[in-house]
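# Architecture at a glance
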Amino acid sequence: MEIYLDTANVDEIREAVDWGVISGVTTNPTLIAKESGRDFHEIIKEICGLVQGPVSAEAVSLDVEGILREARELAALNPHIVIKIPVTENGLAAVKVLSSEGIRTNVTLVFSPLQALLAARAGATYVSPFIGRIDDTGQDGSDVLADIMDIFRNYQLETKVIAASIRHPRHVLEAARLGADIATVPFKVLKTMFRHPLTDHGIERFLADWEKVIKG
Ligand code: G3P
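Described in the following lines is the structure provided in the data block.

Scoring rules and cut-offs
- Residues numbered from 1 in each chain as written.
- Predicted model: local features only at pLDDT ≥ 70, side-chain atom pairs only at ≥ 80, totals over all residues.
- Heavy atoms only, no water.
- Buried < 20%, exposed > 50% of the residue type's maximum accessible area, 1.4 Å probe, protein only.
- Helix = DSSP H or I, 4+ residues; strand = E, 2+ residues; numbered from the N terminus.
- Pairing = 2+ DSSP bridges.
- Right-handed = clockwise from strand over helix to strand, strands pointing away.
- Patch = residues over 30% accessible without salt bridge, like charges linked within 9 Å, V, L, I, M, F, W, Y side chains within 5 Å.
- Areas by Shrake-Rupley, 256 points an atom, 1.4 Å probe, with all protein chains shown as cover.
- Salt bridge = Lys/Arg side-chain N within 4 Å of Asp/Glu carboxyl O.
- Phe/Tyr/Trp six-rings, centres within 6.5 Å; stacked < 30°, edge-to-face > 60°.
- Axes fitted to C-alpha atoms, helices over the stretch in contact; angles between N-to-C directions.
- Near = heavy atom within 4 Å.
- Polar contact = N/O pair within 3.5 Å; in protein donor to acceptor, adjacent residues only side chain to side chain.
- Nonpolar A, V, L, I, M, F, W, Y, C, P; charged D, E, K, R; others polar.

Extensive coverage of strand β4 (residues 81-86) is indicated by the burial of 6 of its 6 residues. Here β4 shows no split at all, with I81, I83 and I85 on one side and V82, K84 and P86 on the other all buried. Looking at chain direction, strand β3 (residues 55-58) and β4 are connected through 4 bridges and run parallel. Bridge pairing in β4 links E58 to K84. Viewed along the sheet, the connection from β3 through helix α4 (residues 64-75) into β4 turns out right-handed. Pairing of β4 with strand β5 (residues 105-110), which is carried by 4 bridges, proceeds in the parallel orientation. Note that in β5 the partner of K84 across the bridge is N106. The β-α-β motif built from β4, the intervening helix α5 (residues 89-100) and the parallel element β5 has right-handed crossover chirality.

A cluster of nonpolar residues, W19, V21 and F194, forms a patch on the protein surface that exposes about 260 Å² of accessible area. The residue V21 is located in the loop between α1 (10-18) and β2 (24-26) in this model. Owing to a relative accessible area of 35%, V21 belongs among the partly exposed residues under this scheme.

Turning our eyes to something else, we now look at the packing of aromatic side chains. Per the counting criterion, the structure on display carries 3 aromatic pairs. Their ring planes at 15° and their centres at 5.6 Å tell us that W19 and F187 sit as a pair that is stacked. Residue W19 is found in the loop between α1 and β2, and its partner F187 is found in helix α10 (residues 187-194); the two are separated by 168 residues along the sequence. Ring-pair connections join several aromatic residues into one group, and the members of that group are W19, F187 and F194.

Here we come to the sheet that holds β4. Read around the barrel, 8 strands follow the order β1-β2-β3-β4-β5-β6-β7-β8 and close on themselves; strand pairing throughout is parallel. Averaged over neighbouring strand pairs, the angle between their axes works out to 30° when direction is ignored.

In the region of the ligand, the neighbouring residues are D6, N28, K84, F130, R133, A164, S165 and R167. In this structure, R133 approaches the ligand through a side-chain N or O atom, which is 2.6 Å from an oxygen atom. Alone, the ligand offers 310 Å² of accessible surface; in the complex the protein occludes 82% of this. Split into classes, the residues belonging to the shell around the ligand amount to 2 nonpolar, 2 polar and 4 charged.

In structure tokens, the structure reads:
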């Protein structure tokens, strides 16, 4: 499973890229809004310069023509850009057109297996089920992800599944166990994935023993 970073913060992206573990970035309007005062296109271009992999940028128009206009503008900024589009009738109509133009798409705000199936049929490159937000409703996000993976395997659909709205390392583990292609994780969750108390304890002990070797 590949790991993407779910952020629009360039400092976080720079640090995580240096750790060698992330192969793409996803953003959304909320994450862009957190980078207050910065121009959307400038942020996206800077992110593309940092990560040599897919960078999802969201179109906010609700009509087909508006989505297509935004998507073409964004796609022209950098070849790494993937257009994030919510799963609506107009959104999927735009996905169909963009797919025929070779512009990659990430269908977002997916909360059910049937929405994911529709996105795949329209030609989406990626589909993003929101695991954490499904959990928030009292339903199990992992069950929805499992159904999507089963359906995509049944019909060998080429659309890649990005487990999104990841809130904690357990979500990442579940996504990997279920065979998601990608998990997009917030910086805070990525850092937690490195941590284990026995690793810290082990390093302390090795260093203490090494001191004895040096001192003889
Ligand atoms: O990629 C979508 C994700 O950012 C949504 O996360 O935590 O706002 O549900 P959250």
